[in-house]
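The residues making up each chain are set out below.
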2 protein chains.
Amino acid sequence: MTSITSSSYAVHFNKNAYTLLNEHLSKANYSKIFILVDENTHNCCLAPFMSEIHGDYNFEVIEIEAGEINKNIATCTQVWEVLSELDADRKSLMINVGGGVVTDLGGFVASTFKRGIDFINVPTTLLAMVDASVGGKTGVDLGSLKNQVGVINQPEMVLVVSSFLRTLEKRQMQSGFAEMLKHGLIKDKNYWNELKALDSLEAIDQLIYHSVTIKNEVVLQDPTEQNIRKILNYGHTLGHAVESYYLDHPTYDLLLHGEAIAIGMILEGYISHKLTGLPKEELADIKATFLSNYPKVSFNTEDIEAILKLLKFDKKNSHGNINFVLLNAIGTPEIDVKVAQELLEESFAYYKD
Amino acid sequence: MTSITSSSYAVHFNKNAYTLLNEHLSKANYSKIFILVDENTHNCCLAPFMSEIHGDYNFEVIEIEAGEINKNIATCTQVWEVLSELDADRKSLMINVGGGVVTDLGGFVASTFKRGIDFINVPTTLLAMVDASVGGKTGVDLGSLKNQVGVINQPEMVLVVSSFLRTLEKRQMQSGFAEMLKHGLIKDKNYWNELKALDSLEAIDQLIYHSVTIKNEVVLQDPTEQNIRKILNYGHTLGHAVESYYLDHPTYDLLLHGEAIAIGMILEGYISHKLTGLPKEELADIKATFLSNYPKVSFNTEDIEAILKLLKFDKKNSHGNINFVLLNAIGTPEIDVKVAQELLEESFAYYKD
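From a predicted model like this one, the values you see are computed outputs, not experimental measurements. (Residues numbered from 1 in each chain as written. Chains lettered and ligands numbered in written order. Predicted model: local features only at pLDDT ≥ 70, side-chain atom pairs only at ≥ 80, totals over all residues. Heavy atoms only, no water.)

Kindly report on the sheet that holds strand S2 (residues 10-13) of chain B, identifying the contributing residues and their values.
All names here are of chain B. Read from one edge of the open sheet, seven strands run S1-S2-S9-S6-S5-S3-S4, paired in mixed fashion. Unpaired on one side and paired on the other, strand S1 (4-5) and strand S4 (59-64) mark the two borders of the sheet. When strand S3 (residues 33-38) meets strand S5 (residues 93-98), the two strands line up parallel, connected through four bridges. Paired with Ile35 across the bridge in S5 is Ile95. Helix H1 (residues 14-28) rests against S2, S3, S5, strand S6 (118-123) and strand S9 (157-160) of the sheet, and its axis sits at about 125° to S2. Most of the contacts of helix H5 (residues 100-112) go to S5, to which it runs at about 165°, and overall it touches S3, S4, S5 and S6. (Pairing = 2+ DSSP bridges. Helix = DSSP H or I, 4+ residues; strand = E, 2+ residues; numbered from the N terminus. Contact = heavy atoms within 4.5 Å. Axes fitted to C-alpha atoms, helices over the stretch in contact; angles between N-to-C directions.)

Below, the structure written as structure tokens:
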């Protein structure tokens, strides 16, 4: 597959990705190469990845604990310290091999170590391939508040190797699939219909490619998220709040990012129907599609109240206003819509109904 | 005094600084303005600063503990958390009123909060006025390793108000003066001679202006420190190692940044004499000038060994090589010089002699 060119770098696919990585390494003369993994990718992905690298480089592997709960400043501090101890310098390279936790955190650590060293992302989950692979967002959570600390900074390249998905659990695949469905909802009704009709996520290469293309087009138009890039946040305003709330309640079942934004997309679909003209049938389609792909979560009144309180931390807010991305129709988003409190509560009632 | 224009912003001086700040605030429509201070600037500088701001804005003051020892990630985390609690959003502004600790740390916190909010620096020490005011370096220490974590990012504007210096202790003034002497050494022999001949640091406005101009010219030529910007590190390779070593040994007397780099400039002067042609008389001039302005520190063999070990963490290093900035003569620097271990040890002998 042809590489997809983003602002200052490109996303390369499968065999071609390794060829271009090897070319880059042989030219760049890095002093040392650090590979950041978590426990899972250390086991499943590191060996196949390393076997594709030809040449005699100075490698060090750094492992962090897996899971969103570890995407925080304490883990960054550990990695910064290990880099220092292992003599990383400004000409070192960091390769982040993992899901969104590894690529978001690794990108932030690299962007801030000695005021910035080169990094390459190798997303190994479907979510990271279709979502974190373009856009240059790096960062970590602050307590349970998602991505409150970070920078926008671009990697040298991104390598999407779909064979890594073979090791991924079905539930993790579904989590990534939610972002792909979102790409359909905000930009491409045909793609939405195509994804809905899928029997399985096996032959997924072309779909990943299409999702990366959609996201990349949006990001290139508005790298710093002043306007159109906000459409990528569809489902994320309420979805992030739900996700944060679950992160904060370890006694609840774990909710994956895609599962949380699937809920957010139903809730914000309802609000879109009420405020921005999303037709009733399309709303019903959205609800049915997500509920057939993702477990239905039950929220009590106390949960909903607490979740709505978390909205004030949303990064799209300004001047005390919460700004939603809503849909006029499937494929046609509208940004910067303010929503009354009652409607937010109603949307949960619609979800539960 | 005319403003000095840097890459994307300008440094404004005295009365004019307040006029332009007020203009900026009245235009920018910030949702909230956070003023970061430490204990000292809270007492000495905040009230006079606030009295110059006209208009009805939503202010919050955040205080951190003073001192280099607090320029770390733990303090950043506190400030990020307070910003979250006080509903800072992407349209908030942070004004850093203080010395280098406040402007370096505040710049980093602002550059990373929700992936970056606007900030303005108001340096209140001579060191921060002549050194931290241009260049966009933000960051914090990692343990005792100076500025290991940070980003390069530019403020909206920098305000240099020399009346803040009236509250500064003589020793702190001297610390900033060391960076000004460095500007002479690396770029302007006449300026070096002028500074040497000063009787007092009272009428210092024009000299600050000249120092900011020198630094700004260098930074504009090479914002990312690929080549010429490295000359600003003269005295800092060994100076930072000495400073880190002292930070790590709280039982030793505190050594200020300027005092540490004054030592570094003598040490690297000696190495310059041996390697890059700095004339004997100029070396003697450098040593005499710094020893007449700064206390002589005594190092034992163990100290020196430990200090030299710290050199491996220097940010200019690459591929295991320590890169020094040396002088061919006063006013004429040379970058990327490698120095043998024996010569480093000899330089300490020369300092002690």
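An account of the UniProt feature "domain: 3-dehydroquinate synthase C-terminal" (unreviewed entry) in chain A is needed here, citing residue identities and associated values.
The residues that UniProt annotates with the feature "domain: 3-dehydroquinate synthase C-terminal" (unreviewed entry) are residues 176-317 of chain A. Taken end to end, residues 176-317 of chain A has its terminal C-alpha atoms 26 Å apart, with 65% of it in helix and 0% in strand. (UniProt positions renumbered as here; feature names shortened; annotations may be inferred.)

Tell me about the domain arrangement of chain A, and please be specific about residues and values.
Much of the literature gives interface size as the accessible area that the parts lose upon coming together. All names here are of chain A. Segmenting chain A into domains produces domain 1 (4-167) and domain 2 (171-200 + 226-352). One C-alpha centre belongs to domain 1, the other to domain 2; they are set 28 Å apart. Taken residue by residue, the interface counts 16 residues in domain 1 and 19 residues in domain 2. In this assembly, domain 1 packs against domain 2 so that about 1,600 Å² is buried in total across both faces, 63% of it on carbon and sulfur atoms. When the buried surface of domain 1 facing domain 2 is broken down by residue, Leu127, Ser144 and Lys146 rank first, second and third, together holding 34% of it. Note that Glu243 is salt-bridged to Lys146, the shortest N-O span being 3.1 Å. (Domains from an automatic or database assignment. Buried area = accessible area lost by both parts, 1.4 Å probe. Salt bridge = Lys/Arg side-chain N within 4 Å of Asp/Glu carboxyl O.)

Let's hear about the interface of chain B and chain A: which residues, and what values?
On the chain A side, the residues contacting the 40 residues of chain B number 40 residues. Note that Arg90 of chain A is salt-bridged to Glu225 of chain B, the shortest N-O span being 3.4 Å. Across the contact surface, chain B and chain A share 13 residue pairs in polar contact (both at pLDDT 80 or more). Elements with a contribution of two residues or more to the side of chain B that touches chain A: helix H4 (73-85), H5 and strand S8 (145-149) of chain B. Here the element with the most residues in the side of chain B that touches chain A is H4 of chain B; it accounts for six residues. (Polar contact = N/O pair within 3.5 Å; in protein donor to acceptor, adjacent residues only side chain to side chain.)

How would you sum up a negative patch on the surface? Please name residues and give values.
Residue and element names in this part refer to chain A. On the surface, Glu302, Glu305, Glu342, Glu345 and Glu346 cluster together into a negatively charged patch. Breaking the negative patch down by element, the ones donating at least two residues are helix H13 (301-310) and helix H14 (341-352). When residues in the negative patch are grouped by element, the largest group, three residues, is from H14. In this fold, Glu342 is placed in helix H14. Of the residues examined, Glu342 reaches a relative accessible area of 53% and is grouped as exposed. (Patch = residues over 30% accessible without salt bridge, like charges linked within 9 Å, V, L, I, M, F, W, Y side chains within 5 Å. Areas by Shrake-Rupley, 256 points an atom, 1.4 Å probe, with all protein chains shown as cover. Lys, Arg positive; Asp, Glu negative; His and termini not counted. Charge placed at Lys NZ, Arg CZ, Asp CG, Glu CD. Buried < 20%, exposed > 50% of the residue type's maximum accessible area, 1.4 Å probe, protein only.)

Can you break down the relation of the copies chain B and chain A residue by residue, with the values?
Note on the copies: chain B fits chain A at an RMSD of 0.0 Å, the axial shift is 0.0 Å, and the rotation between them is 180°. In symmetry terms, the pair is related by a two-fold rotation axis. Taking the C-alpha atom as reference, chain B places Ile73 of chain B closest to the rotation axis, 4.1 Å from it. Mapped onto chain A, 100% of the interface residues of chain B are again interface residues, and the two copies thus contact each other with one and the same surface. (Least-squares fit on C-alpha atoms with pLDDT ≥ 70 in both.)

Now, about the pattern of salt bridges: what can you tell me, with residues and values included?
Applying the stated criterion to the full structure yields 32 salt bridges over all chains. A salt bridge links Arg229 of chain A to Glu225 of chain A, with the shortest nitrogen-to-oxygen separation between them at 4.0 Å. Of the two residues examined, Arg229 of chain A and Glu225 of chain A, each falls in the buried class. Of the charged contacts, one joins Glu52 of chain B and Lys15 of chain B as a salt bridge, the two residues approaching to 3.3 Å between their closest N and O atoms. Separated by 37 residues along the polypeptide, Glu52 of chain B in the loop between helix H3 (46-51) and S4 and Lys15 of chain B in helix H1 bring together distant segments of the chain. Counted as one network, the salt bridges with shared partners bring together Glu68, Lys71, Asp104, Lys146 and Glu243 of chain A.

Report on the packing of H13 of chain A against H14 of chain A, specifying residues and quantitative values.
The axes of two packed helices give the description: the angle between them and the distance between them. Residues and elements named next belong to chain A. H14 packs onto H13 with a crossing angle of 135° between their chain directions and a minimal axis gap of 11 Å. Relative to H14, the element H13 lies oblique. In this structure, H13 meets H14 at a crossing whose hand is right-handed. Across the interface between the two elements, Ile304, Ile307 and Leu308 of H13 pack against Gln341, Leu344, Glu345, Phe348 and Lys352 of H14. Across the contact of H13 with H14, the residue classes tally to five nonpolar, one polar and two charged. (Parallel < 35°, antiparallel > 145°, perpendicular 65-115°, else oblique. Left-handed = near helix turned anticlockwise from the far one by under 90°. Nonpolar A, V, L, I, M, F, W, Y, C, P; charged D, E, K, R; others polar.)

So what about empty space enclosed by the protein? Which residues, and what values?
All names here are of chain B. Under the definition given, this model contains six cavities of 30 Å³ or more. Roughly 120 Å³ of volume is contained in the largest cavity. Every residue along the wall of the largest cavity is listed here: Leu145, Lys146, Gln148, Thr237, His240, Ala241, Ser244, Leu310, Leu311, Phe313, Asp314 and Lys315. Of all the elements in the fold, those that place two or more residues in the lining of the largest cavity are S8 and helix H10 (236-247). Looking at which element gives the most residues to the lining of the largest cavity, the answer is H10, with four residues. Residue composition of the lining of the largest cavity, by class: five nonpolar, four polar and three charged. Inspection of the lining of the largest cavity shows a minimum of three residues originating in each of domain 1 (4-167) and domain 2 (170-352). (1 Å grid on protein atoms, 1.4 Å probe; cavity = no way out; pocket = protein on both sides within 12 Å on 5 of 7 lines; lining within 4 Å. Points joined across faces, edges and corners; volume = space filled by probe spheres on them.)

So what about the packing of aromatic side chains? Which residues, and what values?
Throughout the structure, instances matching the rule amount to 24 aromatic pairs over all chains. Judged by centre distance (5.9 Å) and plane angle (50°), the ring pair of Trp192 of chain B and Phe290 of chain B falls under tilted. Of this pair, Trp192 of chain B sits in helix H8 (residues 189-196) while Phe290 of chain B sits in helix H12 (residues 280-293), and the two are 98 residues apart along the sequence. Since its relative accessible area comes to 0%, Trp192 of chain B is described here as buried. With 5.9 Å between their ring centres and 90° between their planes, Tyr245 of chain B and Tyr252 of chain B make a pair best called edge-to-face. Accessibility expressed as a relative area gives 5% for Tyr245 of chain B, which makes it buried. Overall, Tyr252 of chain B belongs to the partly exposed group, its relative accessible area being 27%. An aromatic cluster is built from Trp192, Phe290 and Tyr294 of chain A, whose rings are joined through pairwise contacts. (Phe/Tyr/Trp six-rings, centres within 6.5 Å; stacked < 30°, edge-to-face > 60°.)

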